[in-house]
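# Remarks on the overall topology
Here's the letter readout for the chains.
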Amino acid sequence: MKLLHIISIRLLALTALVLALWAFFFYRSIMQEISNEADEALREYAESIIIQEENGEALPTRPSGSNNQFFIREVTEEYANNHEKTRFEDRDIYVEETKEYEPARVYTYIYKDTDDKWQEIEVSTPHVDKEDLRNVIFSWLVFLLTAIMIAIVVVNIWVVRYSMRPLHNLLKWLESYRLGKENKPLDNPTNISEFVKLNETVAESMSRSEQLFEQQKQFIGNAAHELQTPIAICQNRLEMMLDDDTLKEQQIEELGKTLQTLGNLSRLNRSLLLLSKIENGQFNDTKRIDLSEQLTQLLTDYKEVYAHKNIAVDMQIKEPFIVKMDESLSSILLSNLLKNAYIHNIDGGKISINMSRNELRISNTGSYVPLDEKKVFNRFYTSGKKSSTGLGLSIVKAICAQYNLYIRYRFGEGRHHFIVRA
């Protein structure tokens, strides 16, 4: 996930939490203030009714246009002792003027009159419908929250993108940077001290990488000559010794084993050098390659090899698979997959090749034990075949990674499947 998205999500979550808490306390405060104002008015209204009654004045028989109502009744001492003397509550009352029930704030007060009798007075006044008020507040808060979040996202995107331009420029430069090639110098002016330090550190790091890359290329070139030549000399000497008629059978057998070991060592050395060159990006001659044409040509050469095991080959090409890569590496890629299908096959086995516009699938019979999908492309991972160096699939994986191709292995229907996708 991008840094911009992470910052936006965290800001939105924090804003939503703060606004939710603010909305809760805002609603509580509004309702408390409304209730306090109504309670104070009801208390004064009840006191005026009680005073008028105690003074013997005539009480109003109906409200004077205010929809306020009152009721006075005598209660027993037991009732007075079992109920709170002062009570405020919200409930619906019937209003004579409107002939309907309306939400109201009700004040109930129990007191002793001048005759020492317990009286209960209940006064009420129309009150705001809290549910309607809650819905209105909720609607406006949702609108406010949405507007604030949209504003935060817009402002945050603009601010972060503007502030992070040096970082984006640095990332683009790193993505386009290729070791061993001519690269543009880093041009990333900024006044932010952290980005200035980051630019310097990355530039120094890439400079050291260039030096190490050149040293590695030089080492690989030297290793190719320094190791292959002695190995070839040893192989020639052993072959000359095998022509000696005075050697005993046991000596000839031992010399043959040694010669075979040197051959394996030579192949292993060439494979390692090739793998290093691929990973170092030393194959730069890129062009459009039709893998179907290369595959057809290679199969012509491999049919004689497959005949030694009576392996049948079934090839179906629905559409040409066109890739942009080095021609020699595409040939190595296909050769290693075809060799792998032969080496790990059985006598009288089968190889199926299916190609479409974006996929190449090579399947072969063989061991009914599936390979380890996590390790099959690791270096020196083998299934026990002596003729295998354990580097063929590693080279295939490195070539695919070099040209953004995707390769995977799976086992199914008694066959081993290697799938290359664009």
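Quick summary incoming for the structure in this document.

## Examining a nonpolar patch on the surface
Among the surface-exposed residues, Leu14, Leu17, Val18, Leu21, Phe24 and Phe25 lie close enough to one another that they form a single nonpolar patch of about 600 Å² accessible area. The topology assignment puts Leu17 in helix H1 (residues 3-54).

## What about the sheet that holds strand E4 (residues 118-126)?
Across the sheet, which stays open at both edges, the four strands sit in the order E1-E4-E3-E2 with antiparallel pairing between neighbours. The outermost strands of the open sheet, each flanked by one partner alone, are strand E1 (69-74) and strand E2 (86-95). Neighbour-to-neighbour, the strand axes of the sheet open up by a mean angle of 25 degrees, direction not taken into account. One ladder, built from six bridges, connects E1 with E4; its direction is antiparallel. Directly across from Glu74, in E4, lies its bridge partner Gln119. Against the sheet, H1 touches E1, E2, strand E3 (100-112) and E4, its axis set at about 55 degrees to E3.

## Observations regarding the packing of aromatic side chains
Evaluated as defined, the whole model comprises twelve aromatic pairs. Pairing Tyr45 with Phe70 gives two aromatic rings, centres 6.4 Å apart and planes at 75 degrees, and the pair type is edge-to-face. Here Tyr45 is found in helix H1, whereas its partner Phe70 is found in strand E1, with 25 residues between them in sequence. Within the aromatic cluster, the residues linked to one another by ring pairs are Phe88, Tyr107, Tyr109 and Tyr111. Note that Arg43 overlies the ring of Tyr107, its terminal NZ or CZ placed 5.9 Å from the centroid. For Lys397, the ring lying beneath its charged end belongs to Phe377, and the centroid distance is 5.7 Å.

## A word on the pairing of strand E11 (residues 415-421)
When you tally the buried positions in E11, you get six out of seven residues, the bulk of the element. By the bridge criterion, six bridges tie strand E9 (residues 359-364) to E11 in an arrangement that is antiparallel. Residue Arg361 lies in a different strand from E11, and its bridge partner there is Ile419. Where strand E10 (residues 406-412) meets E11, seven bridges bridge the pair, whose relative direction is antiparallel. Residue pairing for E11: Gly412 is matched across the bridge by Arg415. Between E10 and E11, which pair antiparallel one after the other, the connecting turn spans two residues, and Glu413 there sits at a positive phi close to 60 degrees.

## Details of the side chain of Thr190
Assignment of secondary structure puts Thr190 in the loop between helix H4 (165-176) and helix H5 (193-242). For Thr190, a relative accessible area of 18% translates into the label buried. A distance of 3.1 Å separates a polar side-chain atom of Thr190 from the backbone nitrogen of Ile192. Leaving out residues up to four positions away in the same chain, Thr190 has contacts with Pro166, Phe195, Val196 and Asn199.

Each value, and the rule that gives it
- Residues numbered from 1 in each chain as written.
- Predicted model: local features only at pLDDT ≥ 70, side-chain atom pairs only at ≥ 80, totals over all residues.
- Heavy atoms only, no water.
- Patch = residues over 30% accessible without salt bridge, like charges linked within 9 Å, V, L, I, M, F, W, Y side chains within 5 Å.
- Areas by Shrake-Rupley, 256 points an atom, 1.4 Å probe, with all protein chains shown as cover.
- Salt bridge = Lys/Arg side-chain N within 4 Å of Asp/Glu carboxyl O.
- Helix = DSSP H or I, 4+ residues; strand = E, 2+ residues; numbered from the N terminus.
- Pairing = 2+ DSSP bridges.
- Axes fitted to C-alpha atoms, helices over the stretch in contact; angles between N-to-C directions.
- Contact = heavy atoms within 4.5 Å.
- Phe/Tyr/Trp six-rings, centres within 6.5 Å; stacked < 30°, edge-to-face > 60°.
- Lys NZ or Arg CZ within 6 Å of the ring centre and 35° of its normal.
- Buried < 20%, exposed > 50% of the residue type's maximum accessible area, 1.4 Å probe, protein only.
- Polar contact = N/O pair within 3.5 Å; in protein donor to acceptor, adjacent residues only side chain to side chain.

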